[in-house]
Amino acid sequence: MTFAEIQSRAKAEWAALEHGDKPRILIGSATCGRAAGAKAVLEATNAALAQHNLEANITEVGCIGPCYAEPLMDIIKPGRPRICYSQVTPEIVPWLIEDYIINDNPHSDLALGTIGDGSLDGIPRLFDLPMLKPQVRIALRNCGTIDPEEINQYIARDGYRGLVRALSMTPEEVIEEIKKSGLRGRGGAGFPTGMKWEFCRKSPGTVKYIICNADEGDPGAFMDRSLLEGDPHAVLEGMLISAYAIGATEGYIYIRAEYPLAIDRLKIALRQMTEYELLGDNILGSGLNFHLKIKEGAGAFVCGEETALMASIEGKRGMPRSRPPFPAQSGLWGKPTNINNVETWANVSAIMLRGTAWYASYGSDKNKGTKTFALAGKINRTGLIEVPLGISLKEIVYDIGDGIPDGKRFKAVQTGGPSGGCLPASQLERPVDYESLTEAGSIMGSGGMVVIDEDTCIVDVARYFLAFTQSESCGKCVPCRLGTKQMLNILENICQGKGKVEDIDLLLKVSQQIKAGSLCALGGTAPNPVLTTIRYFQDEYEAHIKEKRCPALVCPELISYYILADKCQGCGICLRACPTEAITGGKRMVHVIDQSKCNKCSTCLNVCPDRFGAVVKVSGEEIKVPKKPVPITVSKPDTYTQR
Amino acid sequence: MTETELKERLTEVLTHYTGQKNELIPVLQAAQEQFGYLPAEVMQEIARFLRISESTVYGVSTFYAQFKFQPTGKKKVRLCRGTACHVRGVSRILDEVEKQLGIKPGETTSDLEYSLETIACFGSCALAPVMVVGNNVYGRMTPKKVAPILDGTEQ
Amino acid sequence: METIKLTINGVEVKVNRGTTVLEAAQAANIYIPTLCADPDLEPYGSCRLCVVEIEKIRGLPTACTTPATNGMVVHTETPAVNEVRRTSVDLLIANHPMDCLTCRQNQQCELQQVTAHLGITERRFPRTDQAFPVDTSNPFFDLDRNYCILCAKCVRTCDEITGINAIDLAFRGYSARVATFGDKPLIESTCKSCGECMVRCPVAALTPKETRRPIHEVKTTCPYCGVGCQMYLGIKDGQVITVRGDRDNEVNGGHLCVKGRFGIAEFVHHPERLTNPQIRKNGKLAETTWDRALDEAAARLGQYAPNEVAVIASAKCTNEENYVLQKLGRAVLGTQNIDHCARL
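Rules behind the numbers
- Residues numbered from 1 in each chain as written.
- Chains lettered and ligands numbered in written order.
- Predicted model: local features only at pLDDT ≥ 70, side-chain atom pairs only at ≥ 80, totals over all residues.
- Heavy atoms only, no water.
- Helix = DSSP H or I, 4+ residues; strand = E, 2+ residues; numbered from the N terminus.
- Buried < 20%, exposed > 50% of the residue type's maximum accessible area, 1.4 Å probe, protein only.
- Contact = heavy atoms within 4.5 Å.
- Areas by Shrake-Rupley, 256 points an atom, 1.4 Å probe, with all protein chains shown as cover.
- Lys, Arg positive; Asp, Glu negative; His and termini not counted.
- Charge placed at Lys NZ, Arg CZ, Asp CG, Glu CD.
- Buried area = accessible area lost by both parts, 1.4 Å probe.
- Salt bridge = Lys/Arg side-chain N within 4 Å of Asp/Glu carboxyl O.
- Polar contact = N/O pair within 3.5 Å; in protein donor to acceptor, adjacent residues only side chain to side chain.
- Nonpolar A, V, L, I, M, F, W, Y, C, P; charged D, E, K, R; others polar.
- Domains from an automatic or database assignment.
- Core = buried A, V, L, I, M, F, W, Y, C linked by side-chain atoms within 4.5 Å.

### What to know about the overall build of chain C
So, point 1. Helix and strand counts for chain C stand at nine helices and 15 strands.
So, point 2. With the principal axes as the frame, chain C shows a C-alpha extent of 85 × 50 × 40 Å.
So, point 3. Looking at the 344 residues of chain C, the share that counts as buried comes to 44%.
So, point 4. Partitioning the intrachain contacts of chain C with sequence separation of at least 6 by distance along the chain shows that 58% fall at a separation of at least 24.
So, point 5. For chain C, the computed accessible surface area is about 18,200 Å², with 52% contributed by carbon and sulfur atoms.
So, point 6. Averaging the positions of the 39 positive and the 40 negative side-chain charges in chain C gives two centres separated by 2 Å.

### Some thoughts on the interface of chain B and chain A
So, point 1. In this assembly, 35 residues from chain B lie in contact with 57 residues from chain A.
So, point 2. Among the residues chain B hides against chain A, the three largest losses belong to Phe63(B), Thr83(B) and Val87(B). Together they make up 19% of the total.
So, point 3. In this assembly, chain B and chain A are joined by zero salt bridges.
So, point 4. Our count for the chain B to chain A interface comes out at 24 residue pairs in polar contact (both at pLDDT 80 or more).
So, point 5. Listed by contribution, the elements that provide at least two residues to the side of chain B that touches chain A are helix 2 (24-35), helix 4 (54-63), helix 5 (83-87) and strand 4 (136-138) of chain B.
So, point 6. Split into classes, the residues belonging to the side of chain B that touches chain A amount to 19 nonpolar, 11 polar and five charged.

### Description of the interface of chain C and chain B
Much of the literature gives interface size as the accessible area that the parts lose upon coming together.
So, point 1. Between chain C and chain B, the residue contacts involve 15 residues of the former and 13 residues of the latter.
So, point 2. When the two sides are added together, the surface that chain C and chain B hide from each other amounts to roughly 1,100 Å², 61% of it contributed by carbon and sulfur.
So, point 3. In terms of surface lost to chain B, no three residues of chain C exceed Phe171(C), Arg172(C) and Phe181(C), which account for 59% of the buried area on that side.
So, point 4. Between chain C and chain B we count zero salt bridges in total.
So, point 5. No other element matches strand 6 (residues 168-170) of chain C, which puts three residues into the side of chain C that touches chain B.
So, point 6. Classifying every residue of the side of chain C that touches chain B gives eight nonpolar, three polar and four charged.

### Let's talk about the pattern of salt bridges
Residues and elements named next belong to chain A.
So, point 1. In this structure the tally under the stated criterion is 57 salt bridges over all chains.
So, point 2. Notably, a salt bridge pairs Glu 177 with Arg 165, separated by 2.6 Å at the nearest N-O pair. You can see Glu 177 sitting in helix 7 (residues 171-181) and its partner Arg 165 sitting in helix 6 (residues 161-167), a full 12 residues away along the chain.
So, point 3. Since its relative accessible area comes to 30%, Arg 165 is described here as partly exposed.
So, point 4. For Glu 198, the salt bridge goes to Lys 202, with nearest N and O atoms at 3.7 Å.

### A few points about the domain arrangement of chain B
So, point 1. Looking at the assigned domains, one finds that chain B contains domain 1 (3-63) and domain 2 (75-150).
So, point 2. Using C-alpha coordinates to define each centre, domain 1 of chain B is positioned 29 Å away from domain 2 of chain B.

### Concerning the nonpolar core
So, point 1. Among the nonpolar cores identified, the biggest contains 160 residues, and Ile396(A), Tyr541(A), Tyr64(B) and Leu111(C) are the most heavily contacted of them.
So, point 2. Ranked by residues supplied to this core, first place goes to helix 18 (residues 478-495) of chain A with nine residues.
So, point 3. The residues contacting Ile396(A), other than those within four sequence positions of it, are Phe373(A), Leu375(A), Ile385(A), Val387(A), Ile391(A), Gly401(A), Val432(A) and Met449(A).
So, point 4. If you look at the next biggest cluster of nonpolar residues, it comprises 109 residues, including Phe290(A), Met352(A), Ala376(A) and Tyr138(B).

What follows is the structure, encoded as structure tokens:
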């Protein structure tokens, strides 16, 4: 079968699906959707359809982005617009089936928005919503819309046409096209992709490799997982284009074992590509030979580093080595090797399909195109987003993310994971691009964006990241192995109130030397979370050190819980709940916490009825309370008597 | 498990591989899938199969967090220590799980029912804090949800 | 071979292509501190002491891993370079016992040398300590991980030079350590006790059990087999106490096996060692001269038919000696019954 035949059949199938007479139901079943209960929703849908003897085409799709509203379920009735419903539970499913599919009441109260053509009164268009309006979907173009386990659906939406176009050009022309698009590596460092390919193309040698880095290790990042779970072919097509441009005949996808669903979907995708002769020898009759294998990571963050990743594929300890030689000269098994990240390749397939001018029309001068981000932490609308580069942090946090929950104050946004930094409110106007984030002391990174509010201790965040890099350091070079350990020790001391005034200077100094002296980027960027937090939140460090006070009331050694004598009603709930038996009291007695027994677990504060609000958490101050339980002297609050 | 049984099961695992050095990590993963952990005899047999030294097998297997050297429980309870989970209070979930199971991360209950681990990040950050039991991912966890999930009565 | 020119600290250096910056500097007698580099081993780049500044190259590359190129301009002693070196050594000594006066490696310790070179006189960081038990299981040397700086010279030696791979790095990060399979004592591992690792250990992590230091050295050939390894015997009070391979010798290039390195002193000074020929008379051995012993042997050999005689050669003889012996057997004694102890 020629590609044209494959394509026309796929398009016909897709048209039949879109314009068929059966309702279609799309359920967001990426890992996050499943974590929110998508599988139960699927079961409930099947049950409800069976109950009413209804037929529908159910598709498990990837993530469309608004994870905060998951589980998501889209219903497309013939002749009606596609409606996306949010927070769908198995209880809601039968209503939706009955009310909308049978009785034509679209339940606008449960709908998040409509997608695509047509509109319905009372339901906004999904892509007009504040979360989605600023977004441009290039890498995520098919996520949430197609069945990731069906190659035909990808092909129906012009998939693999970029490859066909590339094969009609010379490899040099393809590289030139990628260079012109301005695409930069989406793994974090932002090296121009076309240039990287060119180095590898020009390296002498007949055997060359390409590797897809899907070892998304940054805590707080899930862009690559979502992309592979939602649209694996977009990435694989990019790899084929790159293989042709570079002259590689073999490739690997190095993916973390923590992503079983993405691995399954990749395996299915590779099988389908082989069936369509999009993989193997003489791809689409072009003479291009390319074979692709999946290698599962085994739990080592450092393997996201190129040379460590290659060592791991070779079956060795994932320890980076010095460059030169660069992978483009001597990589996997000593052969020229090109490594790109998942998202980079999803952009490549889009660029080859729609051209460089179109791609370069998004983004800013030196930062073309879009970037996906995983928006998480203390933010209202968590999820997966894709925005043009150059958008401000503020737009992401407040327009797309809808700000901080529970009326709390924004403290910082953490970008770039353990290699990045915490940027405060004063930096919110900053455009999101490679240079600007670096200038602010952070990095673009792979796209993790974790929002931190006033209840998060910034020193604890720095300590958290150092604990992470320290435990993930491979141990090869001295600055990283021992330097992160020293830094972690200092930060732990500060969090425990044992910090010294000179610690801040020591941290700054060691940070500089670890950055300058480490063998690879793990050590070279490990101090960034510390450097940015000192740069923007030095007062919070000083509060810990000088006043032994944790302003965010987080560090256990620096906080105390007290029961206020004028609020306690002697109900005994806290006493019974306290795991360390630190609370004494009695009927109609003011309860008292024995500070020497308290383990700061916060249970008393959580269980004390809101209407009493008798337990307080403080840091750096002592509250005057009775030493022993005393009889209650204050009157009962109204709420208590009413009950 | 008797020694012969162990050998037979390992031989079965090894039939899927050709014996090249670069297969070490996949072979270790498959062996761990089979035995739940990597017994010393299994690692030694793998070294012979791939014609590499035993110390290399030990060096590689101890480098990667995935590999375990002690029997693990039937149900693996894994908590995410990612950034989003950290700022959204996964430590309180961890405390609750530790209390319910009576074990710390890296440990297994004496009846070999449960193992507890923490994982760098599951990539389900939007639903933080996240707990995984077996292959089931539970998002937006609260301490109260822990017990019902562990004893299988969750709704 | 193609020669290239580079400038190091203003000095023009000519080297062959393929030389590293470190080797180029050493060739020009410019000292760059190192702890993990070894001329016999592949570049590794872990100690970060040989960082240098190279014009037109970003950051601080390590001299040991960077190939010298034509026209390269290298600076080996700049403030940035020395800061990184200093921090690395500061970090190492914070994780090191620092009991130098009583240490087996005192004055031979490379960490001590670089600390002195950098002028470090105090600990900048608090002590970190893992308290590893000492592995004394090997009869010839001890492995004390508390002194280890993880330069991995031992591990690389066991892989690249001996091919035994008895040890490897295990675990990672701060927990990384040199280990045998399953962290067993060395003696239970596949270690052949050749001591090549010990020789290269820059600190006191791998040290010989013999702690005395020789007064002078004598160059000799190892008597154990026909390879003819050249070695220096270290002598104190008329006793052989140390053995080290001769790096300049083409035969062994400094390498020795367990017998040569650890088996010389014992047999040289063994009370039962034969130092003269002996002749058995009436069931008792009695000392004699070489002339008499040879006459006796020749006389007795003549009493047998060729087929009744067998010649067994010794592994302690050189190839030439073994050749001559088989010649004696075949041409003089006329026997084909010739064998060698190494085959038995």
